[in-house]
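Architecture at a glance
The chain contents come next:
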Amino acid sequence: MAQLDSSSVALTGTKTFQNYIGGEWVDSASGETFESTSPATGESIGIFPKSTAEDVDRAVAAAKAAVEEWRLVPAPQRGEILYRFANLLTEEKDDLTDLMSHEMGKVKAEAGGDVQEAIDMSLYMAGEGRRMFGQTTPSELRDKFNMSVRQPIGVVGAITPWNFPIAIPSWKIAPALVCGNTVVFKPATDTPALGERFVELFADAGLPAGVLNIVHGGGGAVGDRLVKHPDVRVITLTGSRETGVEVMRNAADGLKHVHLELGGKNAIIVLDDADLELAVEGIVWSAFGTSGQRCTAASRVIVQDGVYEQLQSKLVAVAEKMRLGPGWEDDTDVGPVINKRALEKIHSYTEIGKGEGAKLLTGGEVATDDGLDKGFFYRPTIFGDVDPQMRVAQEEIFGPTTALIRVKDVDEAIRVSNGINYGLSSSIFTRDVNKAFRAMRDLEAGITYINAGTIGAEVHLPFGGTKDTGNGHREAGQAALDVFTEWKSIYVDYSGKLQKAQIDTAS
Ligand code: NAD
């Protein structure tokens, strides 16, 4: 098993890190620290400040002071900084990919994709600097001009998970900045080094002091204060359903704008007429990619009777050939899961599934051979004969576990796919265009793929989900602008007299 390459650790410059507040690298008021370690080997990635409410207050004060000037910088110039940031990400892509495979654990191809998504998002949002369209409309009165414009909201608190440690911060921070807001960023405690590099690159791109600040630390201390701070106007959080509910509650007193991207329990439907080889590829990629730790991971596969047995044996055969190992090794198919707690949770669902009467077809155990015991590795796991109401078919496991559910036709398949609390991603493999269009219309999800797995979103379309996956907002594309701006309607009367809407128009 490969050891952590010291040059990779050196990517982050030093092993002890600080917060970035008002353009300065500073220690936490607490003087306490926490360590980031590799989920593949347990080796140290770096030491980070365990920050407090006091640190958050300083960061919010810096962001609040900076917004007064930043909101007046012409949006195309704000966009220029995003272009420079995208270029720096491109230059650093290999190093960031390597760091990600060490700190978060995902395999190199996926880590590169994570960085690429941030490049794409930054370029897309840089272009918004020259668009950010509002409307102009006719007035109901003579000699009067009407328009609407987007305006920045103020200080944004961006709270992110560890599973897309560069991409998800970019989904939030790039649109927030181009719209003229300032940001206090709290990355997950499992991936602080990547959060740190993200902010460093923005500083290198020429972002003025205070416009983007980072405060490291846990959800309880740092996240909680950010959510409750009276000067933070927008909270954008990606995380679990439980965290989302707590954040929404805590933000209620301050009537904040709250944008939540939460969990999923996504399904792939495979109908009798599907291209089975393609379906297997799509399922394996969606269920076991990123070790199943994607909000869009396929943790259910709903299979029509006629192809159930065939699909099951093909899937098991592929899953059993997958090689577990550190993400930075070229021949690794499945990397580690993020930490011990996650490993235990994933395994507890194996026990739950067995207890519920689901048939364990493969996997279902912690992998410890060939040095894997130094990290957190779980074998790709497939349950068969799963009842749609079982917990393994209803609850988010967030690991390399998927459940096969047998159905008789497309109606039942859609009903089962919809029969959960979440509504993020969905997919159907079929060659029947009529059934594909019915699925597009009837699947209750923010995203539907036809003849592809449940993952593969592109940055210029809205991203997010229905039901318990969120609170109605969307990330990415034009939809992201709605999270980070408020509309102002402007009426310009050039008639020289007082004209009364709805009154002077009466004939
Ligand atoms: P998590 O909810 O444990 O943590 C997410 C972030 O919230 C972390 O930075 C954490 O420190 C912070 N946090 C925790 N409690 C908080 C509180 N009370 N107040 C403020 N902040 C708090 O989630 P995780 O384990 O990091 O990520 C996995 C979850 O994220 C899964 O449920 C997954 O589906 C979801 N996710 C959703 C999407 C999406 O776009 N819908 C994308 C990726 C991940």
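Here the structure is a predicted model, which is why all the values come from computation and not from measurement.

For the ligand, the set of nearby residues contains 27 residues, the closest of which are Thr160, Ser240, Thr243, Leu262 and Glu396. Interatomic distance of 2.7 Å between a backbone N/O atom of Thr160 and an oxygen atom of the ligand. Residue Ser240 places a main-chain N or O atom 2.8 Å away from an oxygen atom belonging to the ligand. Burial of the ligand by the protein chains amounts to 88% of its free accessible area of 850 Å². When residues of the shell around the ligand are traced back to their parent elements, those giving at least two are α8 (219–228), β10 (232–238) and α9 (241–252). The element best represented in the shell around the ligand is α8, accounting for four residues. Grouping the amino acids of the shell around the ligand by side-chain chemistry returns 13 nonpolar, nine polar and five charged.

Another point: the sheet that holds strand β14 (residues 359–362). One open sheet accounts for seven strands, arranged β14-β15-β16-β13-β12-β18-β19; its pairing is mixed. Each edge of the open sheet carries a strand with a single partner, namely β14 and β19 (447–450). Averaged over all neighbouring strand pairs, the angle between strand axes comes to 25 degrees, with direction disregarded. With three bridges joining them, β14 and strand β15 (residues 381–384) adopt antiparallel strand pairing. Of the residues in β15, the one forming a bridge with Lys359 is Gly384.

So, on to a nonpolar patch on the surface. On the surface, Phe145, Val492 and Tyr494 cluster together to form a nonpolar patch covering roughly 300 Å² of accessible area. Looking at the secondary structure, you find Phe145 in strand β6 (residues 144–152).

Parsing the protein chain into structural domains produces domain 1 (6–262 + 470–488) and domain 2 (266–450). For domain 1 versus domain 2, the distance between C-alpha centres works out to 31 Å. Contacts between the two partners involve 22 residues from domain 1, matched on the other side by 26 residues from domain 2. With both sides pooled, the region where domain 1 packs onto domain 2 buries about 1900 Å², and carbon together with sulfur makes up 62% of that total. Between the two partners, domain 1 and domain 2, sit one salt bridge. Residue Lys108 pairs with Asp330 through a salt bridge whose shortest N-O separation is 2.9 Å. Between the two partners, domain 1 and domain 2, sit seven residue pairs in polar contact (both at pLDDT 80 or more). At four residues, the largest contribution of residues to the side of domain 1 that touches domain 2 is made by helix α4 (residues 93–103). Of the residues that constitute the side of domain 1 that touches domain 2, the class distribution is seven nonpolar, seven polar and eight charged.

Our next topic: the side chain of Thr296. Mapped onto the fold, Thr296 is located in the loop between α10 (276–288) and β13 (298–304). The buried category is assigned to Thr296, whose relative accessible area is 6%. Excluding residues that lie within four positions of it along the chain, Thr296 makes contacts with Asn266, Leu424, Ser425, Thr454, Ile455 and Phe463.

In this section: the side chain of Lys265. Inspection of the secondary structure assignment puts Lys265 in the loop between β11 (257–261) and β12 (266–270). Lacking a salt bridge, the buried Lys265 has Glu395 as its closest oppositely charged neighbour, with an N-O distance of 8.0 Å. Beyond its immediate chain neighbours, meaning those up to four positions away, Lys265 contacts Ser299, Arg300, Val392, Ala393, Gln394, Glu395, Glu396, Ile397, Ile420 and Tyr422.

Our focus in this paragraph is the sheet that holds strand β21 (residues 485–493). With antiparallel pairing, the three strands of this open sheet are ordered in space as β5-β6-β21. Taken across any chain shown, the strands that pair with only one partner, and hence form the sheet edges, are β5 (135–137) and β21. Going across the sheet, the axis of each strand differs from the next one's by a mean of 20 degrees, ignoring polarity. One ladder, built from nine bridges, connects β6 with β21; its direction is antiparallel. Looking across to β21, one finds that Pro152 is bridged to Thr485.

What follows deals with the environment of Glu69. Mapping Glu69 onto the fold places it in helix α2 (residues 53–70). Among the residues examined, Glu69 registers a relative accessible area of 53% and is labelled exposed. With 111 residues separating them along the chain, Glu69 and Gly180 place their C-alpha atoms 9.3 Å apart.

If you look at the biggest cluster of nonpolar residues, it comprises 98 residues, and the most contacted ones within it are Met125, Ile173, Val183, Phe202 and Val386. Of the domains in this structure, domain 1 (6–262 + 470–488) and domain 2 (266–450) are the two that each give at least three residues to this core. With near-sequence residues (within four places) excluded, Val386 lies in contact with Ala358, Val392, Ala393, Ala403, Leu404 and Ile405. With 30 residues, the next largest nonpolar core counts Leu276, Ile283, Val301 and Met322 among its residues.

Our focus in this paragraph is α8. Since one α-helical turn is 3.6 residues long, residues separated by three or four positions face the same way. Within α8, the full set of buried residues consists of Val222, Gly223, Leu226 and Val227. In a view along the axis of α8, the buried residues occupy a sector of 125 degrees, so they form one face of it.

This part takes up the pattern of salt bridges. Overall, the coordinates contain 30 salt bridges when judged by the stated rule. Between Asp275 and Arg431 there is a salt bridge whose closest N-O contact spans 3.9 Å. Pair noted here: Asp275 is in the loop between β12 and α10 and Arg431 is in the loop between β18 (425–429) and α15 (433–442), with a separation of 156 residues, a long-range link. Given the relative accessible area of 31%, Asp275 is considered partly exposed.

We now examine the confidence of the model for the protein chain. Per-residue confidence for the protein chain gives a mean pLDDT of 96, with 97% of residues at or over 70. Across residues 1–13, confidence stays below pLDDT 50; counting only partners more than four residues off in sequence or on other chains, it has 36 contacts.

The rules behind these values
- Residues numbered from 1 in each chain as written.
- Predicted model: local features only at pLDDT ≥ 70, side-chain atom pairs only at ≥ 80, totals over all residues.
- Heavy atoms only, no water.
- Near = heavy atom within 4 Å.
- Polar contact = N/O pair within 3.5 Å; in protein donor to acceptor, adjacent residues only side chain to side chain.
- Areas by Shrake-Rupley, 256 points an atom, 1.4 Å probe, with all protein chains shown as cover.
- Helix = DSSP H or I, 4+ residues; strand = E, 2+ residues; numbered from the N terminus.
- Nonpolar A, V, L, I, M, F, W, Y, C, P; charged D, E, K, R; others polar.
- Pairing = 2+ DSSP bridges.
- Axes fitted to C-alpha atoms, helices over the stretch in contact; angles between N-to-C directions.
- Patch = residues over 30% accessible without salt bridge, like charges linked within 9 Å, V, L, I, M, F, W, Y side chains within 5 Å.
- Salt bridge = Lys/Arg side-chain N within 4 Å of Asp/Glu carboxyl O.
- Domains from an automatic or database assignment.
- Contact = heavy atoms within 4.5 Å.
- Buried area = accessible area lost by both parts, 1.4 Å probe.
- Buried < 20%, exposed > 50% of the residue type's maximum accessible area, 1.4 Å probe, protein only.
- Lys, Arg positive; Asp, Glu negative; His and termini not counted.
- Core = buried A, V, L, I, M, F, W, Y, C linked by side-chain atoms within 4.5 Å.
- Arc of directions from axis to C-beta.
- pLDDT = per-residue confidence, 0-100.

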